[in-house]
Amino acid sequence: MAVKLGINYELFNIDKKDTIIFLHGWGSNKEVMKVFKDEFNEYKLLFIDMPGFGKSETNEVWTTQKYANKIDEFLKELNIEKFCIVGHSFGGKVATLLNPKYLVLLSSAGIPQKKSFKTQLKIKLFKLLKPFGGAKIRKFFVSDDAKEMSENMYQTFKNVVDEDFREKFQNYKGKALVFGGDVDSAVTPNSNHQIAKELNSKIIMLNGNHYFFLEKNNLKKISKEIKNLLGE
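What counts, and where the lines are drawn
- Starting from 1, residues in each chain are numbered consecutively following that chain's sequence as written.
- The predicted nature of this model means local features are confined to residues of pLDDT at least 70 and side-chain atom pairs, given and counted, to a pLDDT of 80 or more, with totals for whole chains, interfaces and linings taken over all residues.
- Side-chain numbers here rest on the full set of heavy atoms in the structure, without hydrogens or water.
- Numbering of helices and strands runs from the N terminus, with a helix taken as a DSSP run of H or I at least four residues long and a strand as a DSSP run of E at least two residues long.
- Between buried and exposed lies partly exposed: a residue is buried under 20% and exposed over 50% of the maximum accessible area for its type, with that area taken using a 1.4 Å probe on protein chains only.
- Between two residues, a contact is recorded if the distance between any of their heavy atoms is within 4.5 Å.
- A 1.4 Å probe and the Shrake-Rupley method give the accessible areas. Residues count as covered only by the protein chains that appear here.
- Here a polar contact is taken to be a pair of N or O atoms separated by no more than 3.5 Å, where protein atoms must pair a possible hydrogen donor with a possible acceptor and residues adjacent in sequence count only if both atoms sit in side chains.
- By convention a nonpolar core is built from buried Ala, Val, Leu, Ile, Met, Phe, Trp, Tyr and Cys residues, the set being connected through side-chain atoms within 4.5 Å.
- A pair is scored as a salt bridge if a Lys or Arg side-chain nitrogen falls within 4 Å of a carboxyl oxygen belonging to Asp or Glu.
- What the arc describes is the spread of directions from the helix axis to the C-beta atoms.
- Axes here mean lines fitted to C-alpha atoms, for a helix over just the part in contact, with angles spanning 0 to 180 degrees between N-to-C directions.
- In this scheme the crossing of two helices becomes right-handed for a clockwise turn of the near helix relative to the far one and left-handed for an anticlockwise turn of less than a right angle.
- Classification used: nonpolar for Ala, Val, Leu, Ile, Met, Phe, Trp, Tyr, Cys and Pro, charged for Asp, Glu, Lys and Arg, polar for all others including Gly.

Enquirer: So what about the overall build of the chain? Which residues, and what values?
Expert: When you go through the chain residue by residue, the secondary structure sums to nine helices and eight strands. Counting over 232 residues, the chain shows a buried share of 49%. Sequence separation of at least 24 residues holds for 69% of the intrachain contacts in the chain that already meet a minimum separation of 6. Counting every atom, the chain has about 12,100 Å² of accessible surface; 49% of that belongs to carbon and sulfur.

See the structure below:
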């Protein structure tokens, strides 16, 4: 492990030419993405803890574009070209903004999900009561994912959670490949199909939830398809 520009990372197969970069999802870290470590011996592999996650600490408030700018600066510092980026969930949005030659999305965020009536009611109630409690009452209204966040990461979460990336997907001009889980409730199959349509890319739906790629058979299928994409 190493740290550069405040970003914790691991680099494998350093003698290889082309690099596959892995970006984790919200609330996760590079350790989850290291499930791919033994699947691509012919490529250099870079696993990153994005700021605010894993061992990349930060006190700043971020936007998705700010994350992309930081990762771009980091890659230039390491002299690594954006050959292929594999992004899961939130990491998929950052990967798209980085505009690599090859883009692989694993249940990427970017298509706003319709909120339930209960969630909409909680948002309205929080806004009504916020002047009287502020951060003190936040834990009673936010999702489980947000309850343990620091204040800066909660503000970051609010910045990124409901972004519509359809235009960003449309603007990507490289080669893309989209994967999704057929019972994923965080990023629905319909969202994955919408993203693939915007990217004009192939889509492969596999059995599983938001972390479908952790299942061994799915991992092998995904890795094979990525190799086919890169080998063209």
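Enquirer: Describe the side chain of N152, naming the residues involved and giving the relevant values.
Expert: Tracing the backbone through its elements, the reader meets N152 in helix 6 (residues 151–160). With a relative accessible area of 12%, N152 lands in the buried category. A distance of 3.3 Å separates a polar side-chain atom of N152 from the backbone oxygen of T58. Every residue in contact with N152, bar those within four places of it in the chain, is listed here: T58, N59, E60 and V61.

Enquirer: Report on the nonpolar core, specifying residues and quantitative values.
Expert: Within the largest apolar cluster, 38 residues are counted, with the highest numbers of intra-cluster contacts made by L23, L46, I48, M50, V94 and L199. The contacts of V94, once residues within four sequence positions are left out, are L23, M50, T64, Y67, A68 and I71. One finds F83, F179, F212 and L219 within the second-largest nonpolar core, a separate group that totals 25 residues.

Enquirer: I'd like to hear about the pattern of salt bridges, residue by residue, with values.
Expert: Applying the stated criterion across every chain yields a total of 13 salt bridges. Residue D72 is joined to K76 by a salt bridge in which the shortest nitrogen-to-oxygen separation is 3.5 Å. With D72 and K76 both in helix 2 (residues 64–78) and four residues apart, this pair spans about one turn of that helix. Given a relative accessible area of 18%, D72 falls into the buried group. Since its relative accessible area comes to 62%, K76 is described here as exposed. Of the charged contacts, one joins E225 and K202 as a salt bridge, the two residues approaching to 3.1 Å between their closest N and O atoms. Linking E225 in helix 9 (residues 216–231) with K202 in strand 8 (residues 202–206), this pair joins segments that are 23 residues apart in sequence. Connected through shared salt-bridge partners, E10, K30, E31 and K34 make up one network.

Enquirer: Can you tell me about the environment of G92, naming the residues and giving the values?
Expert: Structurally, G92 is set in helix 3 (residues 90–98). Sequence separation of G92 and G25 is 67 residues, and the distance between their C-alpha atoms is 7.6 Å. Residues in contact with G92, not counting those within four places in the same chain, are G87, L105 and S108.

Enquirer: Give me helix 8 (residues 189–199): which residues, what numbers.
Expert: Because each turn of an α-helix spans 3.6 residues, side chains separated by three or four positions in sequence point in the same direction. Listing the buried residues of helix 8 in full gives S191, N192, I195, A196, E198 and L199. Projected down its long axis, helix 8 shows its buried positions confined to an angular sector of 160°, all on one face. Along helix 8, exposed side chains directed more than 90 degrees from the buried face belong to N190 and K197. Buried residues belonging to helix 8 abut strand 6 (102–106), helix 7 (166–171), strand 7 (175–181) and strand 8. Immediately beyond the C-terminal end of helix 8, within one or two residues, lies N200, with a positive phi of roughly 55°.

Enquirer: Any chance you could break down the packing of helix 2 against helix 3 for me, citing the residues and the numbers?
Expert: Angle between the axes and distance between the axes: these two values describe a pair of packed helices. Between helix 2 and helix 3, the least distance of the axes is 9 Å, while the angle of their chain directions is 60°. Remark: the crossing between helix 2 and helix 3 carries right-handed chirality. Listed contacts from helix 3 to T64, Q65, Y67, A68, I71 and D72 of helix 2 are F90, K93, V94, L97 and L98. Partitioning the contact of helix 2 with helix 3 into residue classes produces seven nonpolar, two polar and two charged.

Enquirer: Before we move on, can you summarise unusual backbone geometry with the specific residues and values?
Expert: Even without being a glycine, L5 presents a positive backbone phi close to 55°. With respect to the helices and strands, L5 occurs in the loop between strand 1 (2–4) and strand 2 (7–12). Owing to a relative accessible area of 31%, L5 belongs among the partly exposed residues under this scheme. If you check the backbone angles, S107 has positive phi at about 45° while not being a glycine. One can find S107 in the loop between strand 6 and helix 4 (117–133). Residue class for S107 comes out buried when judged on its relative accessible area of 0%.

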